[in-house]
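Observations on the model geometry
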Amino acid sequence: MHSNDRAPVRAALGRRRLLGGGVVAVLAWLAFAAVAPATGLACSNVEFIGVRGSGESYAGNFGMGNQIAALYERVQARKPSGQTLQSYGLEYPAVNVAEWWKAILYYPSVWEGDSHLESRVKGDASSCPSMKILIAGFSQGAHVVGDTIENLAKKNDSSLSHVYGVALYGDPRFSKDDTATARGNYSPEHWGILIERGNYSSKINNRLGDWCRLKDAICQGFNAGDTEHHEYRNYEGGLFLQHGAEMMLSHI
């Protein structure tokens, strides 16, 4: 092969190396973005992580969905003047289970959310040791948050000590028997539709509230309610959201 024949080969190899390097760089950036604070390298005093419910769009509402965005706005409005607050809407599928053919993807969606949230909390704790973390989730998002908190507690992970407040709404695994965390006007005879979880660890239960609304089919079961009650923003003027905000603010 003559030298002029090798030129196209060398050029092709160069393009492949460039492309390969670009892919590696993008993957590295995505991995960093999953764990780095929401505002890049800067560390705020407080970070609010919101996890949206089934079918809620990541676009708008801080990436948190309607319900949790309303909670975040309450915390934002009353945060201590001397503290900085940043928000982070968790990126995960939050599949819409109202579309029956997507319901089979519910647990894979939750598991992906669990993984992303745990990485975020650990990344925040490592990158910003003095930052206080607040976490809130609605519906499927509450399922994700509850699972992640349980996992961190079971692992005795030190990052859990950075979590200063957790607010759950309409958790499909709501436990009526966890009297340290159960909140709302729920019926004590009913629990979440996806098997109630065990009691939260004493490592976190003094900073966690799990709100369930009476007749909410998701946290009370379909034999006790309906999906029309699976909504909190307008319920009694957002009373449960206000309680969640007050709980979080009391710890920061």
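Above this text you will find the structure in question.
Report follows, based on the coordinates. What you see as residue numbers is a count from 1 along each chain, following the sequence as written. Totals for whole chains, interfaces and linings use all residues, but because this is a predicted model, local features are given only for residues with pLDDT of at least 70 and pairs of side-chain atoms are given and counted only at 80 or more. To obtain the side-chain values, all non-hydrogen atoms of the structure were used and water was disregarded.

1. Some details on the state of the cysteines
Cysteine sulfur atoms that pair up within 2.5 Å are treated as a disulfide. For the structure on display, the rule yields two disulfides. Put simply, C43 and C128 are joined by a disulfide, and their sulfur atoms are 2.0 Å apart. A torsion of -70° about the S-S bond marks the disulfide between C43 and C128 as left-handed. With C43 in the loop between α1 (3-35) and β1 (46-51) and C128 in the loop between α3 (106-127) and β3 (132-138), this residue pair connects regions lying 85 residues apart in the sequence. Three exposure classes are used, based on accessible area relative to the maximum for each residue type with a 1.4 Å probe and protein chains only: buried under 20%, partly exposed in between, and exposed over 50%. A residue is classified by how much of its surface remains accessible, and C128, at 1% relative accessible area, is buried. Here C212 pairs with C219 through a disulfide, and the sulfurs are 2.1 Å apart. Taking the sign of the S-S torsion, 85° for the link of C212 and C219, the bridge is right-handed. Of the two residues, C212 and C219, both sit in the buried class. Each bonded cysteine of the chain gets a number by its place in the sequence, and the pairs then read 1-2, 3-4. Helix numbers and strand numbers start at the N terminus; a helix is a DSSP run of H or I with at least 4 residues, a strand a run of E with at least 2.

2. A word on the sheet that holds strand β5 (residues 182-184)
Strand pairing is assigned whenever DSSP identifies at least 2 bridges connecting the two strands. Pairing within the open sheet is parallel, and its six strands lie in the order β2-β1-β3-β4-β6-β5. If you trace the sheet from one side to the other, it starts and ends with β2 (85-89) and β5, each paired once. For this sheet the average axis-to-axis angle between neighbouring strands, irrespective of direction, equals 20°. Bridge analysis of β1 against β3 gives six bridges, and the strand direction is parallel. For V51, the partnering residue across the bridge sits in β3 and is G137. Running at roughly 135° to β3, helix α4 (residues 140-154) makes contact with β1, β3, β4 (163-169) and β6 (208-212) of the sheet. Here an angle of 0 to 180 degrees is reported between the N-to-C directions of two axes, which are lines fitted to C-alpha atoms, with helices fitted over the stretch in contact. Residues count as neighbours in contact if any of their non-hydrogen atoms are within 4.5 Å of one another.

3. Here's the deal with the nonpolar core
Counting 29 residues, the largest nonpolar core has F48, L71, V75, A167, Y169 and M248 as its most contacted members. At the level of elements, β1, α2 (65-78), β3, β4, β6 and α6 (239-251) are the ones that each hand at least two residues to this core. Ranked by the residues each element gives to this core, the list is headed by α6, at six residues. Non-local contacts of F48, meaning those with residues more than four positions away in its chain, are made with M64, I68, L71, Y72, V75, L85, Q86, S87, Y88, L134, A136 and M248. Put simply, buried Ala, Val, Leu, Ile, Met, Phe, Trp, Tyr and Cys residues joined by side-chain atoms within 4.5 Å make one nonpolar core. The next biggest cluster of nonpolar side chains, apart from the first, holds 26 residues, and it includes Y88, L90, L152 and L160.

4. With respect to the packing of α2 against α6
Contact geometry for α2 and α6: axes closest at 9 Å, N-to-C directions at 45°. The angle between α2 and α6 falls in the class oblique. When the axes of α2 and α6 are compared, the crossing they make is right-handed. The residues of α6 that touch α2, namely those facing Q67, A70, L71, R74, V75 and R78, are L241, Q242, G244, A245, E246, M248 and L249. Its residues placed into classes, the contact of α2 with α6 shows seven nonpolar, three polar and three charged. If an angle is under 35 degrees, it is roughly parallel; if it is over 145, roughly antiparallel; if it lies from 65 to 115, roughly perpendicular; otherwise it is oblique. Crossing handedness is defined as follows: a turn of the near helix away from the far one that is anticlockwise and smaller than a right angle gives a left-handed crossing, while the clockwise case is right-handed. Classification convention: Asp, Glu, Lys, Arg as charged; Ala, Val, Leu, Ile, Met, Phe, Trp, Tyr, Cys, Pro as nonpolar; all other residues, Gly among them, as polar.

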